[in-house]
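# Results of the structural survey
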Amino acid sequence: MNDLTPTHSIYLIPLSDLTLSDLNARAAVVDGEIEAMADSIASSGLLQNLIGYRDQDGRVAIVGGGKRLRALQILQSEGWSRFDGQTKIDPVPVKVTADPAKAIAWSGTENTARSDLHPADEVRAYSRMRDQGNTLSMIARTFAKSELHVERRLKLADLPEAILDALRADRIT
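These figures come from a predicted structure and were not determined experimentally.

## Side note on the confidence of the model for the chain
- On average, residues of the chain score 87 in pLDDT, and 92% of them reach the 70 mark or higher.
- Put simply, helix α3 (residues 100–112) is where the chain has its lowest mean pLDDT, 81, and helix α2 (residues 66–77) is where it has its highest, 96.
- Low pLDDT, under 50, characterises residues 1–6; the predicted model gives this stretch 8 contacts beyond four residues in sequence or across chains.

## Quick notes on the sheet that holds strand β5 (residues 92–97)
- Read from one edge of the open sheet, 5 strands run β1-β5-β3-β4-β2, paired in mixed fashion. What marks the edges here is a single partner per strand, and that holds for β1 (10–13) and β2 (18–20). Across this sheet, the average inter-strand angle for adjacent strands is 50°, counted without regard to direction.
- Here β2 pairs with strand β4 (residues 60–64) via 3 bridges, running parallel. The partner of L20 across the bridge, within β4, is I62.
- Seen against the sheet, α2 touches β2, β3 (50–54), β4 and β5 and runs at an angle of roughly 125° to β2.

## Describing unusual backbone geometry
- Between D90 and the following residue, P91, the backbone shows a cis peptide bond with an omega angle of 15°.
- As for its placement among the helices and strands, P91 is situated in the loop between α2 and β5.
- With a phi close to 55°, A144 is a non-glycine residue in the positive phi region.
- Structurally, the position occupied by A144 is in the loop between α5 (136–143) and α6 (147–154).
- Residue classification places A144 among the partly exposed positions, given a relative accessible area of 25%.
- If you check the backbone angles, D170 has positive phi at about 60° while not being a glycine.
- Looking at the element boundaries, D170 is found in the segment after α7 (161–168).

What counts as what
Residues numbered from 1 in each chain as written. Predicted model: local features only at pLDDT ≥ 70, side-chain atom pairs only at ≥ 80, totals over all residues. Heavy atoms only, no water. pLDDT = per-residue confidence, 0-100. Helix = DSSP H or I, 4+ residues; strand = E, 2+ residues; numbered from the N terminus. Contact = heavy atoms within 4.5 Å. Pairing = 2+ DSSP bridges. Axes fitted to C-alpha atoms, helices over the stretch in contact; angles between N-to-C directions. Buried < 20%, exposed > 50% of the residue type's maximum accessible area, 1.4 Å probe, protein only.

Printed below as a string of structure tokens:
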């Protein structure tokens, strides 16, 4: 049995065997987003596997999780030392298929079938972290957002619950 079973299992693949695929639906990302992802992974770990297919060179071409791959490569280049207690993530969990058409479908799904947190949910999540004693920097790293973004959301955290509920229900903006 080879390592590419029909069930498209998740395998631990050495980081050096991973490459970004041209089939990835998200072709361009802002450099700041990759740095934010690196901070998030360094502080919280890799919470979602990558997805890819085995290419003609025997490497696994990543079609979903390109920002995570680039962030992992940055962390590796830093010697996995961005933050105290950071865990080395190599090998990397990757859902692998031998079928490029399946990989393209996965890429499309991963990059479009998700949404950001609603602003009211962000406010509440950031507020809970702040109330637990986390710093602005830690909250930003955890959510892969800028400190300025988190700071702006936290300015709304002390609003009455009824206002946050109305925001969440899209009755106010």
